[in-house]
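So you can see what is in the structure, the chains are spelled out below.
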Amino acid sequence: MSRTKVLIVEDEEAIVTLLEYNLGKEDFDVTVASDGEEGLLKVEEAQPDIVILDWMLPKLSGVEVCRQLRSGPDTGNIPVIMLTARSEESDRIRGLEIGADDYLTKPFSPAELIARMRAVLRRIRPALVDNQIKHGDIRIDRTAHRVWRDENEVHLGPTEFRLLDHLMQHPGRVFSREQLLNAVWGSDVFVEVRTVDVHIGRLRKALKSSGAKDPIRTVRSAGYALDTAKEPAN
Ligand code: CA
């Protein structure tokens, strides 16, 4: 299973150092931004699974960052935990209104933050903590590396499996070919963007082999998305 990606947006170096160390030790993949604008850029770049967001930040406040994340089509579902200073306690209610998923008041222990992160992820993105994930009639078992559509087993190569796993973690979200390359092949590997199309083609073919509908949507000049289960079949 791929490591959970965390983006920390915080301008206090001591807190960043503490969190980087402790989250790294728990095998989280950590990215850091030190102001609000950089935070929004890094969300695009690093595609975090969860964002730890300080309330008071240079350039763009944590509240504004959270608001912008919530209103973005690709970022609206990313879990956000806000960090607040005690003096900002009354702002928590405003934070709830702008859609943060949880809060921690400084000072807090890294262990407490990690417990909250796991709770939020379990609630919002069970795919990150569970070995079995389901979307519509597709079910994957990540431990056994097996996939089914309804009762029919689907046989996938390792790359197609990772592609499907990634898409199933974010149903409905459109990924560009570059984003899929980074997520599935890794950003340090040179692979042509076209390769993504080849593997998406194989994945589609395998998923349709039992006569079921194509669950992958091609978004012209944008990329690919796994259809949301709620959408009616066309
Ligand atoms: Ca701060």
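Cut-off values and rules
Residues numbered from 1 in each chain as written. Predicted model: local features only at pLDDT ≥ 70, side-chain atom pairs only at ≥ 80, totals over all residues. Heavy atoms only, no water. Pairing = 2+ DSSP bridges. Helix = DSSP H or I, 4+ residues; strand = E, 2+ residues; numbered from the N terminus. Phe/Tyr/Trp six-rings, centres within 6.5 Å; stacked < 30°, edge-to-face > 60°. Lys NZ or Arg CZ within 6 Å of the ring centre and 35° of its normal. Donors = N, O, S within 2.8 Å, 3.2 Å for Na, K, Ca; no water. Buried < 20%, exposed > 50% of the residue type's maximum accessible area, 1.4 Å probe, protein only. Expected span 1.5 Å × (residues − 1). Arc of directions from axis to C-beta. Polar contact = N/O pair within 3.5 Å; in protein donor to acceptor, adjacent residues only side chain to side chain. Axes fitted to C-alpha atoms, helices over the stretch in contact; angles between N-to-C directions. Contact = heavy atoms within 4.5 Å.

The next point concerns the pairing of strand E10 (residues 216–219). In this structure, E10 lies alongside strand E11 (residues 223–226), joined through four bridges in antiparallel fashion. Within the sheet, the bridge partner assigned to isoleucine 216 lies in E11 and is leucine 226. Taken together, E10 and the strand that follows it, E11, pair antiparallel across an intervening segment of three residues, in which serine 221 is found at a positive phi of about 55 degrees.

Let's shift gears to the packing of aromatic side chains. What the rule picks out here adds up to zero aromatic pairs. Note that arginine 139 overlies the ring of tryptophan 148, its terminal NZ or CZ placed 4.4 Å from the centroid.

Let's shift gears to the coordination of the calcium ion. Within the protein, Asp11 (OD), Asp54 (OD) and Met56 (O) serve as the donor atoms for the calcium ion, at 2.1 to 2.3 Å. Along the chain, the residues donating to the calcium ion are arranged with the sequence spacing D-x42-D-x1-M. One end of the pair, aspartate 11, is in the loop between strand E1 (5–9) and helix H1 (13–25); the other, aspartate 54, is in strand E3 (residues 50–54), with 43 residues separating them in the sequence. On the basis of relative accessible area, aspartate 11 is assigned to the partly exposed category, the value being 34%. Residue aspartate 54 is classed as buried on the basis of its relative accessible area of 2%.

In this section: helix H5 (residues 110–124). Three- or four-residue spacings in an α-helix give side chains the same orientation, since the helix completes a turn every 3.6 residues. Taking 1.5 Å per residue, 15 residues should reach 21 Å; H5 reaches 21 Å between its end C-alpha atoms and fits that length. Among the residues of H5, Pro110, Leu113, Ile114, Met117, Val120 and Leu121 are the ones counted as buried. Summarising the axial view, the buried residues of H5 lie within an arc of 130 degrees, below the 170-degree limit, and thus occupy one face. In H5, those exposed residues whose orientation departs by more than 90 degrees from the buried face are Ala111 and Arg123.

With that out of the way, let us pick up the side chain of aspartate 49. With respect to the secondary-structure elements, aspartate 49 resides in the loop between helix H2 (36–46) and E3. Separated by 2.6 Å, the side chain of aspartate 49 and the backbone nitrogen of lysine 5 make a polar contact.

With that settled, the discussion passes to the sheet that holds E3. Strand order across the open sheet formed by five strands is E2-E1-E3-E4-E5, with parallel pairing between neighbours. What marks the edges here is a single partner per strand, and that holds for strand E2 (29–33) and strand E5 (102–105). Between one strand and the next, the sheet's axes are offset by a mean angle of 20 degrees, whatever the strand orientation. The pairing of E1 with E2 spans five bridges and is parallel. The partner of valine 9 across the bridge, within E2, is alanine 33. The sheet strands contacting H2 are E1, E2 and E3, and the helix crosses E2 at an angle near 150 degrees. On top of the sheet, H5 reaches E1, E3, strand E4 (80–84) and E5; it is set at about 175 degrees to E5, its chief contact.

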